[in-house]
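Descriptive analysis of the structure
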Amino acid sequence: MIEDFLKMHGKCYYSTTANPCIGGTVLDIAREGTILEKEELTTNIYEMKLYAPKIARAAHAGQFMLLMVDEKGERVPMTMVDWDSTQGWIDIVYQEVGTTTIKLTGHGVGDRLFYVAGPLGKPSRVGKFGRVVVIGGGVGVPAVYPIARTLKLQGNYVVSIIGAKTSNALVYEEKMKEVSDELIVTTDDGSRGLKGFTSDALRGLLLNGQEFNAMWSVGPTLMMKACSDVAAGKIPNSFASLNSLMVCGVGMCGACRVTVKDKILLTCVDGPEFISYDVNWKELAIRLKSYMREETVSLEMLRGADKL
Amino acid sequence: MSKVGKRIQARTRPACERVKDFNEVELVINEEEAIREAARDIKYCVAPCMNRGCPVNVEIPTMLKLVSQGKIKEAYESLITRTPVPSITGRVCQQEVQCEGSCVLDRLGEPIAIGAIEKFVGDWALENGIEVAVSSQKKGKSVAVVGSGPAGIVVASELQRAGYDVTVFEAFHEPGGVLTYGIPEFRLPKRIVRREFEKLKNIGVKLELGAVIGTTYTVDELLKNFNAVFLGVGAGRPMFLNAPGENYANIYTANEFLTRVNLMKSYKFPEYDTPLHIGRKVAVIGAGNTAMDAARSALRLGAETYIIYRRGRAEMTGRAVEVHHAEEEGVKFMFYSSPSEFLAADGINVSGIKIMKMKPGEPDRTGRPRPVPTGEIVNFDVDMVITAIGFYPNPLIPGMTPGLKTDDHGRVVVDLEGRTSISGVYAGGDIVTGESTVIEAMGWGRRVAKTINRDLSRT
Ligand SMILES: Cc1cc2nc3c(=O)[nH]c(=O)nc-3n(C[C@H](O)[C@H](O)[C@H](O)COP(=O)(O)OP(=O)(O)OC[C@H]3O[C@@H](n4cnc5c(N)ncnc54)[C@H](O)[C@@H]3O)c2cc1C
């Protein structure tokens, strides 16, 4: 499918709406946001390949993109899980939880999303640290995957801990294995790997005398906070990629503000990755609870519309 | 008064009716009214409106003369040599301190309703599909305009008309900058903004949405692909009070609240997906245009709304007519009040504000009395807060562009003609001046378009 696009438009394509042909990359903006592939990885968790050459060409591990499913949709941030700058695609992984993700699943290969923008946020501060531990929970596992992959490529010794509620909810285990020197799996119910949380596994490693120079964690707020607490005083560099609610994604609205070291920062442009020890986790948790009621209303309406 | 005639009053929808919807408050005058009002212009006037009042020197006397003769198309053509979007400037300019404020008739009686006439002419041209003239001579050079707010609109329009090949890059999914995401529908209908962009498209301007300059393309990459780059990225980063409790749930910045309402249309939730919490009792902190827009939007969403301002009534900034409309609609004002802390009874959702009562002190740098604390603190119960205390210049591009000089307020440093520290890169509007006005941003746009034309003609 991507090959078709390339063949159709040659090296430099000028669409009617925009013209840049930057760095010789094909920027077929008229097709941007088209779904190239869609796969249900496990119940309710989907992987989607999007045609987005202008984003893919500039993407770095730890950054995200924004999308709107349709004209009436929300602007939602999605971590870029994988990409190819020459072929011009981006992979995202999402869990079907609310109106936007349900609508997204309703779209199939060949459909075009209303809007995509990116890459956004600062790239992850990956580098040569030596021994590192990378932690992902739930759909945070695919999100942390590009970070682990980059760390591995940079020659670090990568120990990964990935977790989920239950074995059926675990995704990206194989991919994480490929980019890790050691991989530990945890599930809350013990149906796969160790029984417990990722933070328990981390505590175990540290108790066993293992040392790490840096840690990354991506997942639910509670998980990242727990890992950060375990690592405090033992791992000198600890980064967490925050999942604040966002609206604009480009630093203008302040919806995603967090207090980091007593300063108000914006997750979208100053993050999403922050030093975990500096984050005011309690406040982040409060702000994530802002729209519970409205979410229910929106879902009810969507379900009502389905029945028609 | 009688000698110079009576000023036309644009019809305003009654407050009790307009607070129920987001439709425009002030209706456009009709042709007959516009002609009559324009005819009030006195002969041999030295036109302080144009020379001193208007930052872009709109040829107001010419417009008035043509309108009074019923030559609306010609009046439009004269207007757009200075403001390409009269239907917008007619609606949002602070006429009472600019053109109308300096009108000679202001001293003899009542100033001419220049804003209302300008709005009529602009809308007339949109309705009658009047196209603007474009130079038939192509320059064979291209210009990248970053940001589609007022400054970007003017640069794009002027340079495309002069024969350049212009592409506008905008981060959002809708163009217009503050005109689209900030100023509400009831003050500036979005169909007007959209139609002005249609017109830009018709003269050949290309628009790329979802392009975040700095990350999607760097300024350096744009420079390699365009002959010149204009930065009109505005002052969109909200300031915070830095008061304890400011990050409880249901405390919004005005930009977030207005973006949800205007850009994401959450006033139509759940038809549109973006949710909005609507409080029963809302406090808006600040008293500028932004605060007024936020307060009046909250009111329309059914909330009892208060403006909380640390200075007095006379020190309020922004358009006088908006304050007047806000009061008519039932927004309540608390002056000499400064929030010192936000409270949340349940530890999550804001439930009240501790307000420090202030009093006027010695004049400050702006010449206004500096508000000083009295020591008296009162508690004020609310279930939603909107902070509208100002903006910083957008830091994204400066942060991603080595060599682009900014001052200690984060404003991009330019010479008098809009050249930045990087050759080939120009800037104007709020990113250069800090938070200002639509017409000032357009004035910059005009100036910089001229500079770019001059610089590119040399090479
Ligand atoms: C709520 C509100 C009400 C106002 N009311 C009035 C009024 O009544 N009258 C008046 O005269 N003035 C008013 N103002 C002020 C006025 O709107 C601004 O001074 C004016 O819009 C500035 O224009 P600008 O072109 O410099 O920037 P903006 O209008 O801010 O436009 C900047 C654009 O650049 C885009 N952008 C930013 N960064 C990037 C990037 N990296 N890549 C791509 N695009 C980017 C933004 O998305 C935005 O669209 C108001 C302001 C607000 C917030």
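For clarity, every value in this text was computed on a predicted model and none was experimentally measured.

Cut-off values and rules
Residues numbered from 1 in each chain as written. Chains lettered and ligands numbered in written order. Predicted model: local features only at pLDDT ≥ 70, side-chain atom pairs only at ≥ 80, totals over all residues. Heavy atoms only, no water. Helix = DSSP H or I, 4+ residues; strand = E, 2+ residues; numbered from the N terminus. Buried < 20%, exposed > 50% of the residue type's maximum accessible area, 1.4 Å probe, protein only. Contact = heavy atoms within 4.5 Å. Areas by Shrake-Rupley, 256 points an atom, 1.4 Å probe, with all protein chains shown as cover. Near = heavy atom within 4 Å. Polar contact = N/O pair within 3.5 Å; in protein donor to acceptor, adjacent residues only side chain to side chain. Nonpolar A, V, L, I, M, F, W, Y, C, P; charged D, E, K, R; others polar. Domains from an automatic or database assignment. Pairing = 2+ DSSP bridges. Buried area = accessible area lost by both parts, 1.4 Å probe. Salt bridge = Lys/Arg side-chain N within 4 Å of Asp/Glu carboxyl O. Lys, Arg positive; Asp, Glu negative; His and termini not counted. Axes fitted to C-alpha atoms, helices over the stretch in contact; angles between N-to-C directions. Parallel < 35°, antiparallel > 145°, perpendicular 65-115°, else oblique. Left-handed = near helix turned anticlockwise from the far one by under 90°. Arc of directions from axis to C-beta. Phe/Tyr/Trp six-rings, centres within 6.5 Å; stacked < 30°, edge-to-face > 60°. Lys NZ or Arg CZ within 6 Å of the ring centre and 35° of its normal.

Things to note about the overall build of chain A
Tallying secondary structure elements over chain A gives 10 helices and 16 strands in all. Here chain A holds 308 residues, and the buried ones make up 58% of them. Considering only intrachain contacts with a sequence separation of at least 6, the fraction spanning at least 24 residues in chain A is 63%. A total accessible area of about 12400 Å² is found for chain A, and carbon and sulfur atoms account for 53% of it.

With respect to the environment of Tyr-306 of chain B
Residue and element names in this part refer to chain B. Locating Tyr-306 in the fold gives a position in strand β8 (residues 304-308). You can call Tyr-306 buried: its relative accessible area is 12%. It is 7.0 Å that separates the C-alpha atoms of Tyr-306 and Met-334, two residues lying 28 residues apart in sequence. Apart from residues no more than four positions distant in its own chain, Tyr-306 is found in contact with Lys-281, Val-282, Ala-283, Val-284, Lys-332, Met-334 and Phe-380.

Describing the site of the ligand
Around the ligand, the structure places 37 residues, and the nearest of them are Val-92, Glu-170, Arg-187, Ile-213 and Asp-430 of chain B. The environment of the ligand is shared, with nearby residues belonging to chains A and B. Interatomic distance of 2.9 Å between a backbone N/O atom of Asp-430 of chain B and an oxygen atom of the ligand. Alone, the ligand offers 1000 Å² of accessible surface; in the complex the protein occludes 97% of this. Of all the elements in the fold, those that place two or more residues in the shell around the ligand are α9 (150-161), β2 (165-170), α14 (289-300) and α18 (438-458) of chain B. At three residues, the largest contribution of residues to the shell around the ligand is made by α14 of chain B. By residue class, the composition of the shell around the ligand is 19 nonpolar, 13 polar and five charged. Taken domain by domain, the makeup of the shell around the ligand includes at least three residues from each of domain 2 (142-236 + 392-458) and domain 3 (240-387) of chain B.

Some details on the pairing of strand β11 (residues 352-363) of chain B
All names here are of chain B. Where strand β10 (residues 337-343) meets β11, six bridges bridge the pair, whose relative direction is antiparallel. Directly across from Phe-342, in β11, lies its bridge partner Ile-353. Looking at chain direction, β11 and strand β12 (residues 369-381) are connected through nine bridges and run antiparallel. From the neighbouring strand, Lys-359 faces β12, where its bridge partner is Val-372. Counting the residues between successive antiparallel strands, the hairpin from β11 to β12 contains five residues, one of them, Gly-367, with a positive phi of roughly 85°.

What to know about the interface of chain A and chain B
Listed by partner, the interface residues are 52 residues for chain A and 51 residues for chain B. Between chain A and chain B, roughly 4500 Å² of surface is buried when both sides are summed, and carbon and sulfur atoms account for 58% of that area. Summed over the shared surface of chain A and chain B, the result is five salt bridges. Residue Lys-54 of chain A is joined to Glu-208 of chain B by a salt bridge in which the shortest nitrogen-to-oxygen separation is 3.2 Å. At the boundary of chain A with chain B, the tally comes to 22 residue pairs in polar contact (both at pLDDT 80 or more). Of all the elements in the fold, those that place two or more residues in the side of chain A that touches chain B are α3 (99-105), β7 (115-120), β14 (257-260), β15 (263-266), α8 (267-270), α9 (281-288) and α10 (292-307) of chain A. It is β7 of chain A that contributes the most residues to the side of chain A that touches chain B, six residues altogether.

What to know about the pattern of salt bridges
All names here are of chain B. The tally for this structure, following the rule as stated, stands at 49 salt bridges over all chains. Here Arg-311 makes a salt bridge to Asp-364, at a shortest N to O gap of 3.1 Å. Of this pair, Arg-311 sits in the loop between β8 and α15 (320-329) while Asp-364 sits in the loop between β11 and β12, and the two are 53 residues apart along the sequence. With a relative accessible area of 5%, Arg-311 lands in the buried category. Two residues, Glu-417 and Arg-454, come together in a salt bridge whose shortest N-O distance is 2.8 Å. One end of the pair, Glu-417, is in the loop between α16 (396-400) and β15 (425-427); the other, Arg-454, is in helix α18, with 37 residues separating them in the sequence.

Points about the side chain of Glu-74 of chain A
You can see Glu-74 of chain A is positioned in the loop between β3 (64-68) and β4 (76-79). The side chain of Glu-74 of chain A is buried and forms no salt bridge, while Arg-260 of chain B, the nearest opposite charge, is found at 5.7 Å. Engagement of the side chain of Glu-74 of chain A in a polar contact is seen with the side chain of Thr-100 of chain A, the distance being 3.0 Å.

Notes on the packing of helix α2 (residues 31-38) of chain B against helix α4 (residues 60-68) of chain B
Residues and elements named next belong to chain B. Where α2 meets α4, the closest approach of the two axes is 8 Å, and the angle between their N-to-C directions is 125°. The orientation of α2 with respect to α4, classified from their angle, is oblique. Crossing hand, α2 versus α4: left-handed. Residues Ala-34, Ile-35 and Ala-38 of α2 form the contact with α4, whose own contacting residues are Leu-64, Val-67 and Ser-68. Tallied by class, residues from the contact of α2 with α4 come to five nonpolar, one polar and no charged.

Points about the domain arrangement of chain B
Residue and element names in this part refer to chain B. According to the domain assignment, chain B contains domain 1 (15-127), domain 2 (142-236 + 392-458) and domain 3 (240-387). Taking the mean C-alpha position of each, domain 1 and domain 2 sit 26 Å from one another. Facing 24 residues of domain 1, the contacting portion of domain 2 comprises 25 residues. For the pair domain 1 and domain 2, the summed buried surface comes to about 2200 Å²; carbon and sulfur atoms form 67% of the total. Where domain 1 touches domain 2, the interface holds zero salt bridges. Element by element, the count of residues in the side of domain 1 that touches domain 2 is highest for helix α6 (residues 86-92), at five residues.

Topic: helix α6 (residues 198-207) of chain A
Residues and elements named next belong to chain A. Of all the residues in α6, the buried ones are Thr-198, Ser-199, Ala-201, Leu-202, Leu-205 and Leu-206. All buried residues of α6 fall inside an arc of 155° around its axis, so they share one side. The elements touched by buried residues of α6 are β8 (131-137), β9 (157-164), β10 (182-187), β11 (194-195), β12 (214-218) and α7 (221-231). Backbone geometry just downstream of α6 places Gly-209 in the positive-phi region, at approximately 90°.

Remarks on the sheet that holds β11 of chain B
Residue and element names in this part refer to chain B. With antiparallel pairing, three strands are arranged side by side in an open sheet as β10-β11-β12. The open sheet has two edge strands, β10 and β12, and neither has a second partner. Neighbour-to-neighbour, the strand axes of the sheet open up by a mean angle of 20°, direction not taken into account.

Description of the packing of aromatic side chains
Under the definition given, this model contains 13 aromatic pairs over all chains. On the numbers, 4.2 Å between centres and 15° between planes, the contact of Phe-22 of chain B with Tyr-267 of chain B is stacked. Note that Phe-22 of chain B is positioned in the loop between α1 (15-18) and α2 and Tyr-267 of chain B in the loop between α13 (254-263) and β7 (281-285), a separation of 245 residues in sequence. With a relative accessible area of 7%, Phe-22 of chain B lands in the buried category. You can call Tyr-267 of chain B partly exposed: its relative accessible area is 22%. Ring plane angle 75° and centroid distance 5.7 Å describe the contact between Phe-172 of chain B and Tyr-181 of chain B, whose orientation is recorded as edge-to-face. The residues Phe-172 of chain B and Tyr-181 of chain B share a single accessibility class, namely buried. These aromatic residues form a ring-pair network of at least three members: Phe-129, Trp-216 and Phe-239 of chain A. Seen from the ring of Phe-380 of chain B, Lys-281 of chain B lies directly overhead, with NZ or CZ sitting 4.4 Å from the centre. Over the ring of Phe-186 of chain B we find Arg-300 of chain B; its NZ or CZ atom is 3.8 Å from the centre of that ring.

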